[in-house]
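Observations on chain architecture
One letter stands for each residue in the lines below.
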Amino acid sequence: MRAALVHAVGGGVLDIRDDVTLAPIGPGDVRVRMRATGVCHSDLSVLSGVLPQPLPIIPGHEGSGEVVEAGEHVTGLRPGDRVIISWTPPCGGCAMCLRGQPYLCATFMGKVFSTPRFRFGGEAAPAYGMAGCGTWAEEIVVPWQGAIKVDPDVPYEVAALIGCAVTTGVGAVLNTAEVRPGATVAVIGCGGVGLSVVQGARLSGATTILAVDPLPAKRDLARRLGATDACAPGDLEETLANVTGGTGVDHAFEVVGTSTAIRSAWKAARRGGDVIVVGAGASDDMFSVSAFNLLFEGKNLLSSVYGGADVRRDFPYLTRLWKAGRLDLESLISARIKLSDLNEAVTALTDGEVLRQMVLLD
């Protein structure tokens, strides 16, 4: 089958090849024929080494497809089921799952570094899948907990977006920040996840939604999706003065993954407000605030991993919102491409001019 491999981090091109095979499925696994997969900034972080993963690796973690084989212990899925891939499958029995934090479950994540799911080349060399997935391949094998069934009338590209960008962004609003009607919100970074934060804030009844991004096209789209105001990063202080009277917003979301963006969110939040870190940053990119300010400004610094989601609950919920016309997911897709176009797609995303490029697989 076809897949895109990364052999070394740091700017090398993807090796798109057609001699990739899958390891046999285990009794608790499912084999999924991928139909759609997104090109996400987290994928770029794997290519650059910001998010450490074993090598060689097939990137991709945001996807949807069709079950073609189920292991002997799998009872809830069968061939033909349409599923969304979850890159953090909840085991349901660990301490994190039992605490109601399934998005922090590490039961299957540990196997990412020890269990290569792919083989390639004449000598069947092992290769890993990003976050245990590797959706930039025609087929993948995942634990059954990582394949969430959805209605067959949900388009694959919509389902794929729910697998990462939409759940991460909308979940950050609904689950992590618990934004209430009448609240004020700022969103630093308006890519696919940031625009999902904007839509989540609109769903929650926020009366002020300030979208911050350097690109005018992204600010314009943010307005169409629910932002009440928009500005470039350099105009944030002035805009906050006009929009909030200088007090700041109740909830400031950082959706870039840099300490610079976190500082902007910190400054944008009012005294006693929330600063929600959504972007995945580098381990050596440090954010600091003085002990004095941390106490007396009363701000709450929150992390939102995978939107604080329980994918078993939230994937179907977000699907229903889309069906009801409450979420505009199609506008997040800036291009529909083929697997063979992935090198060009990575370049376009690196340049920052695109939102979600969606790979459609036959």
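The text that follows walks through the structure, step by step, so that each part is easy to find.

About the cut-offs
Residues numbered from 1 in each chain as written. Predicted model: local features only at pLDDT ≥ 70, side-chain atom pairs only at ≥ 80, totals over all residues. Heavy atoms only, no water. Pairing = 2+ DSSP bridges. Helix = DSSP H or I, 4+ residues; strand = E, 2+ residues; numbered from the N terminus. Buried < 20%, exposed > 50% of the residue type's maximum accessible area, 1.4 Å probe, protein only. Arc of directions from axis to C-beta. Contact = heavy atoms within 4.5 Å.

Here we come to the sheet that holds strand β5 (residues 57-58). The strand order across the open sheet formed by four strands is β3-β8-β9-β5, and the pairing between neighbours is mixed. Each edge of the open sheet is held by one strand with a lone partner, namely β3 (20-22) and β5.

Across the junction of L55 and P56, the peptide omega takes the value -10 degrees, indicating a cis bond. Mapped onto the secondary structure, P56 falls in the loop between α1 (41-48) and β5. Residue A124 is not a glycine yet carries a positive backbone phi of 55 degrees. When you line up the elements, A124 lands in the loop between β8 (118-120) and β9 (125-129). A relative accessible area of 41% places A124 in the partly exposed class. Of note in this structure, A131 is not a glycine but carries a positive phi near 55 degrees.

With that settled, consider helix α10 (residues 342-351). One turn of the α-helix equals 3.6 residues, which is why residues spaced by three or four share an orientation. When we look at burial in α10, the residues that qualify are L342, A345, V346 and L349. Along the axis of α10, the buried positions cluster into a sector of 100 degrees, meaning they face one direction only. Exposed residues lying more than 90 degrees from the buried face of α10 are E344 and D351. Against the buried residues of α10 lie β1 (3-5), β2 (15-17), β4 (29-39), α1, β18 (333-337) and β19 (356-360). Positive phi shows up at G352, right after α10, with a value of about 85 degrees.

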